[in-house]
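Below, each chain spelled out in residue letters.
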Amino acid sequence: MNLILQRTKMTDRVVTIDFSQGTLLIKAEPEQLIAVVDMIKFDDRVKLFRARACDYAPIMRGLKKAGITVHDQARGYDPVQLQIHHGFPPRDHQQQALQAWRKQNCRGVVSMPTGSGKSYLAVMAIEMLQRPAIVVVPTIDLMQQWASVLEKFFQIKVGMLGGGSKEVCDITVSTYDSAVIHMEFIGNKFGLAVYDECHHLPGPVNRQAAAMCLAPFRLGLSATPEREDGENNVLWDMIGPLAEEIHIDELEGHILAPYQTRQFKLSLDPDEEEQYNAARALYTGFLKSNGISFRQRSDWQKFLGLCAMRPGGRKVFEAYQEQRRIARRGRAKLRKIWELIQHHRGARIIIFTAENDTAYEIGRQFLLPVITHRTKAAERKTMLDKFRSGNWPVLVTSRVLNEGVDVPEANVGIVVSGSAGIREHVQRLGRILRAAGEKQAILYELISAGTSEVYVSQRRREHRAYRKH
């Protein structure tokens, strides 16, 4: 009887939760934390229990369900009054996504195509919750775009973290890099965290932008949340499970522009084919003799290590680079690019490449503006403004325009080269699908016939958006 009374007194005592450097510090007796034991650890340094800040909501729910009284000193925000100005009725798919997310306690990932209104979905979520919100994005360009959108709809000052800005407001937009730096200090100031292009989140550094934030409500946005490295579980853990998935083909022709995809298999010139086959034979022979199949993630590191250690390894690596360069930058591709530019004279065209060198080569050959990660922010803005106005109707890029840049006028995409990743290919398609009048979008894919690009193309087209085209 005394043991029962003693345990009852322990569970009757108030549990105190504080926010500390991106974590939760919990003052409690072990018996009080049975319901959340899988989310906490005892920190012997401070003689208190510690948990990830992102587990704030499930810990609070677990303790409440167990009948434990909690003194919450962790949450550093209060409800705010927010109203959408100059709004418009949500589309059916946006309303459907919002309700699906709401049914999951406002925690989860929504997959929607580029151009289908992900930003406005976040605006609706912010207004619905009436809580301070932080929106985390991968680039400075996106940070500025989001800040403009949020200021337009809510008519309030929006804070920014990134690109030299360090202002925190009730609604704040941050790059992932800046969120990782600042979240240990501000991670308790928001009730809602929105992670745009959330497929970036599972990276070992980026994930700290979610782990150190206690926001009980979380929304992940991405056109392509699937990760080929199998790290989707990080998204489900730190944001919440997939709440809704809406596909490109479901919105084609009414929300998104109708589109076509066409593939050209182009033969290498004779001298290129000879050089390609020689380099390819040296490279694949080395792989075979060393038992490297690239079926495991560690095979690439193994290949690099053997190239560094084995006699002739440097020549093998140079052969690898040479055969890839020839396949990605064959002269037939350059001829086809010019043919397509002439055919679509007056259209807004984006030319995509896998690497900067190819982008710059195309720019030199055809006197076209080129945007890469080396392009300064001001210069990039000028290029995009001229592209939108039609003064510069063609842009060449490596990978920086794959996602996150609003270019609704683009209606022709030319994929010169790219990775085997499905995400990249779907993102590039998404760049040209924003509806505008009678717009008809078309995505061309240029493949060097008889090379490894044929297999690469087959892999990256394994998405339902391409099956009917």
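The structure this text deals with has already been given above.
Residues numbered from 1 in each chain as written. Predicted model: local features only at pLDDT ≥ 70, side-chain atom pairs only at ≥ 80, totals over all residues. Heavy atoms only, no water.

S.K.: Which parts of the structure should I look at to understand the overall build of the chain?
M.R.: Of the regular secondary structure elements, the chain holds 18 helices and 19 strands. When the backbone C-alpha atoms are referred to their principal axes, the chain occupies close to 90 × 60 × 40 Å. Here the chain holds 469 residues, and the buried ones make up 52% of them. Look at the contacts in the chain between residues 6 or more apart in sequence, and 71% of them connect residues 24 or more apart. With the model as given, the accessible surface of the chain reaches about 22300 Å², and the carbon-plus-sulfur share is 50%. (Helix = DSSP H or I, 4+ residues; strand = E, 2+ residues; numbered from the N terminus. Buried < 20%, exposed > 50% of the residue type's maximum accessible area, 1.4 Å probe, protein only. Contact = heavy atoms within 4.5 Å. Areas by Shrake-Rupley, 256 points an atom, 1.4 Å probe, with all protein chains shown as cover.)

S.K.: For this particular structure, what's the right way to read the nonpolar core?
M.R.: Counting residues in each nonpolar core, the largest one holds 56 residues, and the members touching the most others are Trp 101, Val 110, Trp 146, Leu 150 and Val 173. Take this core: its biggest share by element is eight residues, from helix α4 (residues 118-129). Those residues in contact with Val 110 that sit more than four places away from it in its chain are Ala 97, Trp 101, Leu 121, Leu 219, Gly 220, Leu 221, Ser 222, Ala 243 and Glu 244. Membership of the second largest hydrophobic core comes to 25 residues, among which are Met 183, Ala 215, Val 234 and Ile 239. (Core = buried A, V, L, I, M, F, W, Y, C linked by side-chain atoms within 4.5 Å.)

S.K.: Whenever I open this one, the pattern of salt bridges confuses me. Can you help?
M.R.: Opposite charge on two side chains permits pairing when their charged atoms draw close. In the structure shown here, the tally under the stated rule is 20 salt bridges. Between Asp 44 and Lys 47 there is a salt bridge; the shortest N-O distance is 2.7 Å. Judged by its relative accessible area of 49%, Asp 44 falls in the partly exposed class. Between Arg 388 and Asp 385 there is a salt bridge; the shortest N-O distance is 3.5 Å. Here Arg 388 and its partner Asp 385 are both found in helix α15 (residues 377-389), three residues apart, which amounts to about one turn of the helix. On the basis of relative accessibility, which here comes to 35%, the residue Asp 385 falls in the partly exposed class. Salt bridges sharing common partners tie together Asp 269, Asp 271, Glu 272, Arg 331 and Arg 335. (Salt bridge = Lys/Arg side-chain N within 4 Å of Asp/Glu carboxyl O.)

S.K.: Can you help me understand the side chain of Thr 172 in this one?
M.R.: Mapped onto the elements, Thr 172 comes out in strand β10 (residues 171-175). With relative accessibility at 0%, the residue Thr 172 sits in the buried group. If we skip the residues at most four places from it in the chain, Thr 172 touches Ala 133, Ile 134, Val 135, Val 158, Gly 159, Met 160, Leu 161, Glu 167 and Phe 190.

S.K.: Help me understand the environment of Gln 83 in this model?
M.R.: Inspection of the secondary structure puts Gln 83 in the loop between β5 (70-73) and α3 (92-103). The spatial distance from the C-alpha of Gln 83 to the C-alpha of Val 123 is 9.7 Å, given a sequence separation of 40 residues. Ignoring any residue separated from it by four or fewer positions in sequence, one finds Gln 83 in contact with Glu 127, Phe 153 and Phe 154.

S.K.: Help me understand the packing of aromatic side chains, please; the structure alone is not making it clear to me.
M.R.: Overall, the coordinates contain 16 aromatic pairs when judged by the stated rule. Here Phe 264 and Tyr 444 contribute two aromatic rings whose centre-to-centre distance is 5.9 Å and whose plane-to-plane angle is 25°, an arrangement assigned as stacked. Of this pair, Phe 264 sits in strand β14 (residues 259-266) while Tyr 444 sits in strand β19 (residues 441-448), and the two are 180 residues apart along the sequence. Assessed through its relative accessible area of 2%, Tyr 444 is described here as buried. (Phe/Tyr/Trp six-rings, centres within 6.5 Å; stacked < 30°, edge-to-face > 60°.)

S.K.: Explain the packing of helix α10 (residues 270-289) against helix α12 (residues 313-328) to me, please; I cannot follow it from the model alone.
M.R.: Between two packed helices, the angle of one axis relative to the other and the distance separating the axes together describe the packing. Contact geometry of α10 with α12 gives a least axis separation of 8 Å together with a crossing angle of 140°. It follows from the interaxial angle that α10 and α12 lie oblique. The handedness of the crossing between α10 and α12 is left-handed. Contacts from Glu 272, Gln 275, Tyr 276, Ala 279, Arg 280, Leu 282, Tyr 283 and Phe 286 of α10 reach α12 at Lys 315, Val 316, Ala 319, Tyr 320, Glu 322, Gln 323, Ile 326 and Ala 327. The class makeup of the residues in the contact of α10 with α12 is ten nonpolar, two polar and four charged. (Axes fitted to C-alpha atoms, helices over the stretch in contact; angles between N-to-C directions. Parallel < 35°, antiparallel > 145°, perpendicular 65-115°, else oblique. Left-handed = near helix turned anticlockwise from the far one by under 90°. Nonpolar A, V, L, I, M, F, W, Y, C, P; charged D, E, K, R; others polar.)

S.K.: It is not clear to me how α10 should be interpreted in this structure. Could you clarify?
M.R.: Because each turn of an α-helix spans 3.6 residues, side chains separated by three or four positions in sequence point in the same direction. Look at α10: 28 Å from first C-alpha to last across 20 residues, which is about the 28 Å you get at 1.5 Å a residue. Those residues of α10 that fall on the buried side of the exposure criterion are Glu 272, Tyr 276, Ala 279, Tyr 283, Phe 286 and Leu 287. The buried side chains of α10 occupy one side of the element, clustering within an arc of 105° when seen end-on. Looking at α10, the residues exposed on the side facing more than 90 degrees away from the buried face are Pro 270, Glu 274, Ala 278, Lys 288 and Ser 289. Packed against the buried residues of α10 are α11 (298-309), α12 and α13 (331-343). At the C-terminal side of α10, Gly 291 shows a positive phi close to 65°. (Expected span 1.5 Å × (residues − 1). Arc of directions from axis to C-beta.)

S.K.: Where do I start with the pairing of strand β7 (residues 133-137) in this structure?
M.R.: Across a regular strand the side chains alternate sides, sitting on one face of the sheet and then on the other. With five of five residues buried, β7 is to be regarded as a mostly interior element. Burial along β7 is two-sided: Ala 133, Val 135 and Val 137 facing one way and Ile 134 and Val 136 facing the other are all buried. Note that β7 and β10 share five bridges and pair parallel. Paired with Val 135 across the strands is Val 173, a residue of β10. With four bridges connecting them, β7 and strand β11 (residues 192-196) associate as parallel partners. Across the sheet, Ile 134 pairs through a bridge with Ala 193, a residue of β11. (Pairing = 2+ DSSP bridges.)

S.K.: Before we go on, may I ask you to explain the sheet that holds β19 in this structure?
M.R.: Whether parallel or antiparallel, the strands of a sheet pair through hydrogen bonds between backbone atoms. Taking strand neighbours across the sheet as the criterion, the six strands line up as β14-β19-β18-β15-β17-β16 in an open arrangement whose pairing is parallel. Of all the strands in the sheet, just β14 and β16 (370-371) have a single pairing partner and so form its edges. Two strands pair when backbone bridges link them, and strand β18 (residues 412-415) and β19 are joined in this way by four bridges, in the parallel orientation. Paired with Gly 413 across the bridge in β19 is Leu 443.

S.K.: Can you walk me through the environment of Ala 35 in this structure?
M.R.: Tracing the backbone shows Ala 35 in the loop between β2 (23-27) and β3 (41-43). Exposure remark for Ala 35: the relative accessible area of 43% places this residue in the partly exposed category. As a C-alpha pair, Ala 35 and Arg 280 span 245 residues in sequence and 59 Å in three-dimensional space. Setting aside its immediate chain neighbours within four residues, Ala 35 contacts Gly 62 and Ala 66.

Limitation: the analysis is restricted to geometry and does not speak to function.
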